[in-house]
Amino acid sequence: AGDLVNSVTKEIIQQPLVVIPLEKEEIWVEWVPRAKGGGLVDRHLPDSEIVKNAIKANGGSRLPPKDAEGKRVNFKTPKGNELIETHYVYALIMNAEGDSIEGYCVLSFSSSKIKAHKDWMTALYTQKGRPPIFANRAKISTSKVKNEQGTFYIYAISPFADTWRE
């Protein structure tokens, strides 16, 4: 639990993972529920009708709705599929010293990981002079958190140097 894993090679990645973020994307992913066999159905842009309608039906909130017991549940499409807000960051993987490119990755942020994504992007976009996101290197690791839903791991993202500006 808490390891970063290359989902293609199944290798465990040494933490922290040093990356240069290149591009970000927000997509709402439609999935068949696991209880019905699971599987990807479609990807929807944030301004698509299906996403706007799901948010509107939730009183205008992007936070997933709560069930009768007060637990968060996924948004549902008219067909009963799950609709999950997901942010992707496409990045280059650097060596531990941050001076050589070793590969590339796609980091996926959904559910409890969205806050880490938003905090990261806010840190990058509020720098003086607003350099592009690829002007930054970041260290990605995981941290254990606990809430009423249970114990799980989320991304812990920090600047490669002492500060984002450095």
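Residues numbered from 1 in each chain as written. Predicted model: local features only at pLDDT ≥ 70, side-chain atom pairs only at ≥ 80, totals over all residues. Heavy atoms only, no water.

Novice: I tried to follow the overall build of the chain on my own but got confused; where do I start?
Specialist: When you go through the chain residue by residue, the secondary structure sums to two helices and nine strands. Beginning at the N terminus, the succession of helices and strands in the chain can be written as β-β-β-β-α-β-β-β-α-β-β. A principal-axis box enclosing the C-alpha atoms of the chain has dimensions of 50 × 35 × 30 Å. A sequence separation of at least 24 residues applies to 51% of the contacts in the chain between residues at least 6 apart. Only carbon and sulfur atoms are counted for the fraction: they give 52% of the accessible area of the chain, which is about 10,500 Å². The averaged location of the 20 negative side-chain charges in the chain is 5 Å from the averaged location of its 23 positive side-chain charges. (Helix = DSSP H or I, 4+ residues; strand = E, 2+ residues; numbered from the N terminus. Contact = heavy atoms within 4.5 Å. Areas by Shrake-Rupley, 256 points an atom, 1.4 Å probe, with all protein chains shown as cover. Lys, Arg positive; Asp, Glu negative; His and termini not counted. Charge placed at Lys NZ, Arg CZ, Asp CG, Glu CD.)

Novice: So what exactly am I meant to see when it comes to the pairing of strand S7 (residues 101-110) here?
Specialist: If a strand is regular, its side chains alternate between the two faces of the sheet. With nine bridges joining them, strand S6 (residues 82-94) and S7 adopt antiparallel strand pairing. Bridging from a neighbouring strand, Val89 pairs with Leu107 of S7. Hairpin connection between S6 and S7: a loop of six residues separates the two successive antiparallel strands, and Gly98 in this loop has a positive phi of roughly 75°. (Pairing = 2+ DSSP bridges.)

Novice: Is there a simple way to explain the pattern of salt bridges in this structure?
Specialist: All told, the structure shown has six salt bridges when counted by the stated rule. For the salt bridge of Glu26 with Arg62, the shortest nitrogen-to-oxygen distance reads 2.5 Å. Placement of Glu26 in strand S3 (residues 17-32) and of Arg62 in the loop between helix H1 (49-57) and strand S5 (75-76) is noted, with a sequence separation of 36 residues between them. Residue class for Arg62 comes out partly exposed when judged on its relative accessible area of 34%. (Salt bridge = Lys/Arg side-chain N within 4 Å of Asp/Glu carboxyl O. Buried < 20%, exposed > 50% of the residue type's maximum accessible area, 1.4 Å probe, protein only.)

Novice: Would you take a moment to explain unusual backbone geometry for this structure?
Specialist: Negative phi characterises most residues that are not glycine, and trans characterises most peptide bonds. Going from Gln15 to Pro16, the amide bond is cis rather than trans, its omega being 0°. Assignment of secondary structure puts Pro16 in the loop between strand S2 (12-13) and S3. Residues other than glycine seldom take positive phi values, yet Ser111 does so here, at roughly 55°. Positive phi values are uncommon outside glycine, yet Arg130 reaches one of about 45°.

Novice: Which parts of the structure should I look at to understand the packing of aromatic side chains?
Specialist: In the structure shown here, the tally under the stated rule is four aromatic pairs. Pairing Phe109 with Trp120 gives two aromatic rings, centres 6.3 Å apart and planes at 50°, and the pair type is tilted. In this pair, Phe109 is assigned in strand S7 and Trp120 in helix H2 (residues 114-125), connecting sequence segments 11 residues apart. Here the two residues Phe109 and Trp120 agree in accessibility, since each one is buried. Put simply, the rings of Phe109, Trp120 and Tyr155 touch in pairs and so form one group of aromatic residues. Across the ring face of Tyr155, the terminal group of Lys113 is positioned such that the distance to the ring centre comes to 5.7 Å. (Phe/Tyr/Trp six-rings, centres within 6.5 Å; stacked < 30°, edge-to-face > 60°. Lys NZ or Arg CZ within 6 Å of the ring centre and 35° of its normal.)

Novice: It is not clear to me how H1 should be interpreted in this structure. Could you clarify?
Specialist: The complete set of buried residues in H1 reads Val51, Ala54 and Ile55. Buried residues of H1, seen end-on, are gathered within an arc of 95° and therefore sit on one face of the element. With respect to the buried face of H1, the exposed residues turned more than 90 degrees away are Glu49, Lys56 and Ala57. Considering only its buried residues, H1 is in contact with S3, strand S4 (39-44), S5 and S6. In the segment just after H1, Gly59 is the residue with positive phi, at about 75°. (Arc of directions from axis to C-beta.)

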